[in-house]
Amino acid sequence: VTAGKVITCKAAVAWGPRQPLKIQMIDVAPPKENEVRIKIMYTAVCHTDGYTLSGEDPEGIFPVILGHEGGGIVESVGKGVVNVQPGDHVIPLYTPQCGECKFCKNPKTNLCSKIRATQGRGVMPDGTSRFTCNGQEIFHFMGCSTFSEYTVVADVSVAKINKKAPLDKVCLLGCGVSTGYGAAINTAKVDNNSSCAIWGLGGVGLAVALGCKAAGATKIIGIDINESKFEIAKKFGCTECINPKMYNKPIQDVLIEMTDGGLDYTFECIGNVQTMRAALEACHKGWGTSVIIGVAGAGQEISTRPFQLVTGRVWKGCAFGGWKSRDSVPKLVEEYLNGNLVLDDFITHSLHLDDVNEALQLMHTGESIRSVLQV
Ligand code: APR
Ligand code: ZN
Ligand code: ZN
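Since this is a predicted model, take the numbers as computed values, not measurements. (Residues numbered from 1 in each chain as written. Chains lettered and ligands numbered in written order. Predicted model: local features only at pLDDT ≥ 70, side-chain atom pairs only at ≥ 80, totals over all residues. Heavy atoms only, no water.)

Colleague: Is there a simple way to explain the overall build of the protein in this structure?
Modeller: When its secondary structure is counted, the protein shows 12 helices and 17 strands. Relative to the globule expectation of 21 Å for 375 residues, the C-alpha radius of gyration of the protein, 20 Å, shows essentially globular dimensions. Seen through its principal axes, the protein has C-alpha atoms that stretch 65 × 40 × 35 Å. For the protein, the proportion of its 375 residues judged to be buried stands at 57%. Once local pairs closer than 6 in sequence are excluded, the contacts in the protein between residues at least 24 apart make up 69%. Summed over its atoms, the accessible surface of the protein is roughly 15,700 Å², and 51% of this surface lies on carbon and sulfur atoms. Charge centroids of the protein, computed over 36 positive and 37 negative side chains, lie 5 Å from each other. (Helix = DSSP H or I, 4+ residues; strand = E, 2+ residues; numbered from the N terminus. Rg over C-alpha atoms; globule rule 2.2 N^0.38 Å. Buried < 20%, exposed > 50% of the residue type's maximum accessible area, 1.4 Å probe, protein only. Contact = heavy atoms within 4.5 Å. Areas by Shrake-Rupley, 256 points an atom, 1.4 Å probe, with all protein chains shown as cover. Lys, Arg positive; Asp, Glu negative; His and termini not counted. Charge placed at Lys NZ, Arg CZ, Asp CG, Glu CD.)

Spelled out as structure tokens, the structure:
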């Protein structure tokens, strides 16, 4: 039995910006009050991991254990934990849900504030870390740190899911897929027979396409400069795909012509402030809604003419697809099990935690949609 004891296990440690992650042994302390120690079984690799590793994230701290799209099994729980117990299958949540803060009490948002300050500083809610490597403190990441055989998270940051769900698939619900799918369903509230356009056909954009299709959109235009994404995009529900580089005028003008005045809903899934502008301006006058999902670099700003908004276009954004995480992730898992939500087709590469640097490379070159690592 490992409960109450330090666990020595393998993890991928990021020692500094732009350095390859180092696979090595770390010590994981037992969970304290309202904390949960999880045996991570699978983790996917997402852009925020790469962004922090790039050193461009001004809030990035090192050394750190990255990873935030994971699935695992509860090994032990600290005092006061009531929502999970050892043996439960869980998904760690970088957007927690405490149920008590003013954000949790407001149905309009999913941005729980309970542990935001400490999570941003890479520590547990009591201000300390559970990870050490040869005695040196290692920081947590996004309240998850899934690039490790064992991790410790706050109890508000863990969703208990159906044990029948394969963790190598439903780990994707920890970030990208939920984010895109929810942006269409919760944030845009796409309606039946509507028209949509999606900038960026990576994992997030493809999940938006699934959401638009599920909501009954009849025109779903995928937009990407990498045409090798078009085939898979059609599989995920895009009815047509276009490459902005093939036109000698702004893509918003092309789309407005193609759609008799613009789209009902547009989504930016790249993190580029220029395409955010294009997505807003491609919306139909009077009612078009544009949702920003991609994360732009620190300090960047968006712009458009205010006239665009005065004439009825709406500019929105969301994090984690607007899902209240602990309530919603178990339901998304059920949707997967019922066959209503595709996950398998996002996984282009199945690797091992030892191959995490290769997985990051596959993400940066655009070769992968999602790599899932066995931990
Ligand atoms: N115009 C059109 N498409 C573009 C452009 C551009 N200017 N720049 C990049 N793309 C395309 C890429 O070719 C790629 O197919 O956007 C897609 C982005 O996909 P991924 O890199 O796989 O990213 P994804 O995991 O989907 O995440 C999208 O959301 O998580 C946030 O900000 C994060 O950048 C990330 C974004
Ligand atoms: Zn992510
Ligand atoms: Zn809360």
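Colleague: For this particular structure, what's the right way to read the coordination of the zinc ion (ligand 2)?
Modeller: Reference geometry at the metal: tetrahedral coordination by four donors gives ideal angles of 109.5 degrees; octahedral coordination by six donors gives 90 or 180 degrees. In this structure, Cys46 (SG), His68 (NE2) and Cys175 (SG) serve as the protein donors to the zinc ion (ligand 2), at separations of 2.0 to 2.2 Å. Each donor residue of the zinc ion (ligand 2) lies on the same chain, and together they follow the pattern C-x21-H-x106-C. You can see Cys46 sitting in the loop between strand E3 (35-44) and helix H1 (47-54) and its partner Cys175 sitting in the loop between helix H4 (167-170) and helix H5 (176-188), a full 129 residues away along the chain. Under the relative-accessibility criterion, Cys46 is labelled buried at 6%. (Donors = N, O, S within 2.8 Å, 3.2 Å for Na, K, Ca; no water.)

Colleague: Could you clarify how one ought to interpret the sheet that holds strand E14 (residues 289-292) in this entry?
Modeller: Think of a sheet as strands paired side by side through backbone hydrogen bonds, with each pair either parallel or antiparallel. An order of E12-E11-E10-E13-E14-E15 is seen for the 6 strands of this open sheet, with the pairing classed as parallel. Edge strands, defined here as strands with exactly one partner in the open sheet, are strand E12 (240-242) and strand E15 (314-317). Taken over all neighbouring pairs, the strand axes of this sheet differ in orientation by 20° on average, direction set aside. Looking at chain direction, strand E10 (residues 195-199) and strand E11 (residues 219-223) are connected through 5 bridges and run parallel. (Pairing = 2+ DSSP bridges. Axes fitted to C-alpha atoms, helices over the stretch in contact; angles between N-to-C directions.)

Colleague: Before we go on, may I ask you to explain the coordination of the zinc ion (ligand 3) in this structure?
Modeller: For the zinc ion (ligand 3), the full set of protein donor atoms is Cys98 (SG), Cys101 (SG), Cys104 (SG) and Cys112 (SG), at a range of 2.3 Å. Given 4 donor atoms and angles of 105 to 115° at the metal, the environment of the zinc ion (ligand 3) is assigned as tetrahedral. Mapping the donors of the zinc ion (ligand 3) onto the primary sequence gives the spacing C-x2-C-x2-C-x7-C. Of this pair, Cys98 sits in the loop between strand E5 (89-92) and helix H2 (102-105) while Cys112 sits in the loop between H2 and helix H3 (116-120), and the two are 14 residues apart along the sequence. Classification of Cys98 by relative accessible area gives buried; the value is 9%. (Tetrahedral: all angles 85-135°; square planar, octahedral: opposite > 155°, others 65-115°.)

None of the figures reported here should be taken as evidence of function without further support.
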